[in-house]
Amino acid sequence: MGSPDSTPDETLQEIRTLFTHLDKPSQPVTAATVAEKLECTRQTAHQSLQELADRGDLQTSELHGGTRVWWRPENEIEDHVSDEQPEQTEFQAFVNAVTDYAIFMLNPDGTVASWNKGVERIKGYQESEIVGKHFSTFYTDDDIEEGVPEENLEAAAAEGRTTDEGWRVRNDGSRFWAYVTITAIHDDDGTLQGFTKVTRDMTERREFEQQLRKERDLTEQILETVPVSIGVFDSDGHLVRANSRMLARHGLDASDLPEYSLTSVDVYDAEGDPIPTAEQPWMQVLETGESVHGFQCQVELPNSSRQWLSINAAPLEIESANSDRVVAAVEDISEQKERERQLEQQKTELETQLSEILGRISDAFYALDDEWRFTHLNDQAAEIMGQSREELLDQEVWDVFPDAVDTYKEHFQRAMDTQEPVTFEVFAEGREVWLEFNVYPSESGLSIYFRDVTDRKERERTLAKYETIVETVKDGIYVKDEDGYFTMVNDAYADLTGYEKDELVGAHASLVVDEDTIEQAKERKAAMADDGASDPTLEAVVQTVDDENVPAEATFATIETHSGETEQVGVVRDISDRLEYQRKIEESERRYRTLAENFPNGAVALFNEDLEYTAVGGQLLEVEGVDPEDRVGQSLFELYPEDLIHEIEPYFHAALNGDEDSFELDFAGYHLLNHILPVTNADNEIDTGMLVVQDVTERKEYERQLEESNERLEQFAYAASHDLQEPLRMVTSYLQLLDQRYTDDLDEDAREFIEFAVDGAERMREMIEGLLEYSRVDTQGDPFESVDLEMVLSDVQDDLQLQIEESNAEITAESLPRVEGDPGQLRQVFQNLLDNAIEYSGDEPPQVHVAVERDGAMWEVSVHDEGIGIDPDEADRIFDVFQRLHSQEEHSGTGIGLALCRRIIERHDGKIWVESSPGEGATFSFTVPAVSEIDGDTEE
């Protein structure tokens, strides 16, 4: 549109032409309106309008809200009008034309005296509805109760003008945020004549300002919490914005920013050579307009040693800025560089020492590359393999030892694939020894250490026999010497007492039992030594580390050691469960009965008021390798991540409050269906909740595959239907051509046969078109939007006007809402249902009524007729493709209409059904999503 200092003549002429095409040439317009009409920037439109005003071609004025308008003077249009009349006419045209503001007059008592289109648009009242009523009608109940309307009038009368900002109420009851200016009008004698009131709807601006504030706060929070230094630089290298990390890195305060320049920082490359300014990241971004990532360099900053930095820089385009800017994220990688240097040094040292180490280690060692070839081996390995180092180096291990493939290759391959160390043991049958292999992978091959562990294996087998006996027994086992000191205890005995095993070994038995029990045990031991017939079982109380008393049953015997001394071996069993059994059996049976009755599959658990699991079981836990006992006693907060707890915790509390619910979630690679419910005790009080979890991952995958299959079927149906139309058109054309050319040669039967064939082809074409339409419901539908069902029904009635008049049909409807959907498809649903209602009305004129009812987030729409009705047994079949209840002679049609309706409603996440009996009419009902309140749904 030209330079900022001048406006081309063609633009000025376009604006003059624009004014001549307005409904009223004197109608005021804003720069935004002109910019939209002429498709130019708002700045260009403002410049052009102001230049015409400076020339005297237009007049301009600024409204109270700060918006400027321009209009064409009336005296240029009608020179014969008097000086006073044009001014009044222009003002009235100005008021009536402004639609962004509500401008109206008030009488001194606050009643409305005049109205304009802007008021009607903003407040929703017609002039006849509001003139003469008090302007407090527009205020909220709270403002009226606090006397705000009267205070505004009093302030305007006293001060000449007052402004106010707050909520106002429209005719339909909705609210909007308004900026209001009230100006008192006095006559020449100072007598109050009334008020002018200008109201502007500021709701969108207020919401936009609040959103901007939130985004600004979030940006500030992100800048200050990210673990890197972030700054914005102008084209001269000055730091104009920085987070606290960036300021601290450069030793700056926020007040130093405008003056601090990157050119004062010395930057060096990896070799320590200075990097020219033109090659530094921020200059590269300014010159190329492209981002720079991972730029590494060294810098020297004030009061700091030389540092290594990694810099990411990108252009930052800001409309209000006078120059290009660059945003940079800087990370200190000095420690990383130092580690790299140390690792490189260590690598060199290790390579130097490798040959010495290989010769010194006692284990046999060899190394393989990624092609299984020997690269290193020591003398021990060569000796065990029975070949020299020279014979083995550079040879593939499987070529040298082909019999080893079955035994070793699986382990070696797993180490290479997982890049994790692998340890295994094999029995070398030729040497009759056990070998232990430790395989350590790298990207270039394997390092393998092995040694003879035959003696150790023999000792382990012997020891394992005893450990298996001792540790697999659930009872506690102890051994104590003649003086009563423990020499060995198993894990179960340590768990029973609460002590660690090393705390018990070497301690006296009096640590866990009283003196009376010790004396009883000595008496039993003596009696057994005398006659061997004494009962070796004793009941006693074990004192735990927490000073708790555990009732126990002990059975003991005496053994003789290799040194001739005697020791006592005892087996101790906790009998608390036995004592508590009767009390808990009823509660246990009730809980597990509830588990059995409600458990579908997957996993099931009981939990208490602290959200701790008290019972857990299920196949899903076994599949995941989770011991159910590990879950008992643990709470949600110990087991699950915070985001999952936030999602599921309300369901657990609701179950303990008596509510039953179901919910789905994805966790640990499963899609889980969860059912949660309360469990009552013998007193019918809720003290426990139950969670039943079902793995529905396969079902979800099946649904996904089914959707894909349906999509392929839709594509096939479309292709098949499309390809069938051409031969049908040819058949129909040739039949009609045959009828036209040879009609005189054909008898009545032949002509009738041709007519039947043409009619059949035409019906088949209609069926194909219906099938095409059916297949396109999902793929060719329009995006969902807010749809006014009143308008949809009206359009459908217009389309069916001929059938309505011919059948003398009467169609009535309740007030229909706005819904979320595809307007074209919803129109098709109404047309099919109304057309059916008229077609199957019977002998009487059709009586059709459309009703609607809100059902949660959906609207239920019903179309009722008083026609011939439908057998309830056929209520489902009629929604299938090509399913008809009547012959073609009785009622024409393709049998696709209702199937198409169901397909459309299912696309809208709704459902459709019919309620009917023969001879009593039918009611077809369907559900569609309601428009959310955010989108403007205010209907109840």
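Residues numbered from 1 in each chain as written. Predicted model: local features only at pLDDT ≥ 70, side-chain atom pairs only at ≥ 80, totals over all residues. Heavy atoms only, no water.

For the protein chain, the name recorded in an unreviewed UniProt entry is histidine kinase, with Natronoglomus mannanivorans as its organism. The annotation that UniProt attaches to the protein chain under Catalytic activity (unreviewed entry) is "ATP + protein L-histidine = ADP + protein N-phospho-L-histidine." (UniProt positions renumbered as here; feature names shortened; annotations may be inferred.)

Enquirer: I keep staring at the sheet that holds strand β7 (residues 229-234) and nothing clicks. Help me out?
Expert: Here we have six strands laid out as an open sheet, ordered β8-β7-β12-β11-β10-β9, and antiparallel in their pairing. Each having just a single partner strand, β8 (239-242) and β9 (266-268) make up the two edges of the open sheet. Within the sheet, the average angular offset between the axes of one strand and its neighbour, ignoring direction, is 40 degrees. Taken together, the eight bridges between strand β11 (residues 307-316) and strand β12 (residues 325-332) define a ladder with antiparallel strand orientation. If you follow asparagine 312 over to β12, its bridge partner there is alanine 329. (Pairing = 2+ DSSP bridges. Helix = DSSP H or I, 4+ residues; strand = E, 2+ residues; numbered from the N terminus. Axes fitted to C-alpha atoms, helices over the stretch in contact; angles between N-to-C directions.)

Enquirer: Before we go on, may I ask you to explain a negative patch on the surface in this structure?
Expert: A surface patch of negative charge is lined by Asp141, Asp142, Glu145, Glu146, Glu150, Glu151 and Glu154. Residue placement: glutamate 145 occurs in helix α7 (residues 141-145). Residue class for glutamate 145 comes out exposed when judged on its relative accessible area of 69%. (Patch = residues over 30% accessible without salt bridge, like charges linked within 9 Å, V, L, I, M, F, W, Y side chains within 5 Å. Areas by Shrake-Rupley, 256 points an atom, 1.4 Å probe, with all protein chains shown as cover. Salt bridge = Lys/Arg side-chain N within 4 Å of Asp/Glu carboxyl O. Lys, Arg positive; Asp, Glu negative; His and termini not counted. Charge placed at Lys NZ, Arg CZ, Asp CG, Glu CD. Buried < 20%, exposed > 50% of the residue type's maximum accessible area, 1.4 Å probe, protein only.)

Enquirer: Looking at this structure, how should I read the sheet that holds strand β18 (residues 476-480)?
Expert: Two orientations exist for strands paired in a sheet by backbone hydrogen bonds: parallel and antiparallel. An order of β19-β18-β22-β21-β20 is seen for the five strands of this open sheet, with the pairing classed as antiparallel. Only two strands of the sheet have a single neighbouring strand rather than two, namely β19 (486-489) and β20 (537-543). Adjacent strand axes in the sheet meet at a mean angle of 30 degrees when their direction is disregarded. Strand direction decides the pairing type here: β20 and strand β21 (residues 549-560), joined by seven bridges, are antiparallel. In the sheet register, valine 541 faces β21, and the bridge partner there is proline 551.

Enquirer: Teacher, can you tell me more about the packing of aromatic side chains here?
Expert: What characterises a pair of aromatic rings is the spacing of the ring centres plus the angle enclosed by the ring planes. Within this structure, the stated rule accounts for 26 aromatic pairs. Taken together, a centroid distance of 5.5 Å and an interplanar angle of 50 degrees make the contact between phenylalanine 104 and tryptophan 115 tilted. Pair noted here: phenylalanine 104 is in strand β3 (residues 101-106) and tryptophan 115 is in the loop between β3 and α5 (117-123), with a separation of 11 residues, a long-range link. The same class applies to phenylalanine 104 and to tryptophan 115, which are both buried. (Phe/Tyr/Trp six-rings, centres within 6.5 Å; stacked < 30°, edge-to-face > 60°.)

Enquirer: Would you mind showing me how to read the side chain of asparagine 438 here?
Expert: Residue placement: asparagine 438 occurs in strand β16 (residues 433-442). Exposure remark for asparagine 438: the relative accessible area of 16% places this residue in the buried category. A polar contact is formed between the side chain of asparagine 438 and the side chain of threonine 423, at a distance of 2.9 Å. Within the structure, asparagine 438 has its side chain in polar contact with the side chain of glutamate 436 (distance 3.5 Å). (Polar contact = N/O pair within 3.5 Å; in protein donor to acceptor, adjacent residues only side chain to side chain.)

Enquirer: Just checking my understanding: could you explain the pattern of salt bridges for this structure?
Expert: Oppositely charged side chains can form a pair if their charged atoms are brought close together. Throughout the structure, instances matching the rule amount to 24 salt bridges. The shortest N-O distance in the salt bridge between aspartate 369 and arginine 373 comes to 2.9 Å. Using a relative accessible area of 14% as the deciding quantity, one classes aspartate 369 as buried. Overall, arginine 373 belongs to the partly exposed group, its relative accessible area being 35%. As a salt-bridge pair, glutamate 664 and lysine 700 come within 3.5 Å of each other at their nearest N and O atoms. Of this pair, glutamate 664 sits in strand β25 (residues 661-667) while lysine 700 sits in helix α26 (residues 697-741); the two residues are 36 residues apart in sequence, bridging distant segments of the chain.

Enquirer: I'm lost on the environment of alanine 654 in this one. Help?
Expert: Inspection of the secondary structure puts alanine 654 in helix α25 (residues 642-656). Each C-alpha atom of the pair alanine 654 and leucine 677 lies 8.5 Å from the other, and the pair is 23 residues apart in sequence.

Enquirer: Explain the packing of helix α2 (residues 31-38) against helix α3 (residues 42-54) to me, please; I cannot follow it from the model alone.
Expert: Two packed helices can be described by the angle between their axes and the distance between those axes. Here α2 crosses α3 at 110 degrees, and the two axes come no closer than 8 Å. Here α2 lies roughly perpendicular to α3, going by the angle between them. Pair α2 / α3 crosses with right-handed handedness. Each of Ala31, Ala32, Val34 and Ala35 in α2 lies in contact with α3, whose residues at this interface are Arg42, Ala45, His46 and Leu49. Considered class by class, the residues forming the contact of α2 with α3 number six nonpolar, one polar and one charged. (Parallel < 35°, antiparallel > 145°, perpendicular 65-115°, else oblique. Left-handed = near helix turned anticlockwise from the far one by under 90°. Contact = heavy atoms within 4.5 Å. Nonpolar A, V, L, I, M, F, W, Y, C, P; charged D, E, K, R; others polar.)

Enquirer: I'm lost on the nonpolar core in this one. Help?
Expert: Most often, soluble globular proteins keep nonpolar side chains buried together rather than apart. Phe830, Leu833, Leu834, Val850, Val914, Phe924 and Phe926 are the most contacted members of the largest nonpolar core, which totals 41 residues. Those elements that place two or more of their residues in this core are α28 (789-799), α30 (823-839), β31 (847-855), β32 (858-865), α31 (897-907), β33 (912-916) and β34 (922-929). No other element matches α30, which puts seven residues into this core. What leucine 834 contacts, discounting residues up to four positions off in sequence, is Leu793, Val796, Leu800, Val848, Val850 and Val863. (Core = buried A, V, L, I, M, F, W, Y, C linked by side-chain atoms within 4.5 Å.)

Enquirer: What am I meant to see in the pairing of β32 here?
Expert: Regular strands have side chains that alternate between both faces of the sheet. Counting buried positions over the eight residues of β32 gives six, a clear majority of the element. Bridge count between β31 and β32: eight bridges; the pairing is antiparallel. Residue pairing across strands places arginine 854 opposite tryptophan 859, the latter belonging to β32. Taken together, β31 and the strand that follows it, β32, pair antiparallel across an intervening segment of two residues, in which glycine 856 is found at a positive phi of about 65 degrees.

Enquirer: How do you make sense of the environment of glutamine 47 when you look at a structure like this?
Expert: Relative to the assigned elements, glutamine 47 resides in helix α3. Since its relative accessible area comes to 24%, glutamine 47 is described here as partly exposed. As for glutamine 47 and leucine 12, which are separated by 35 residues in sequence, their C-alpha atoms are 9.8 Å apart.

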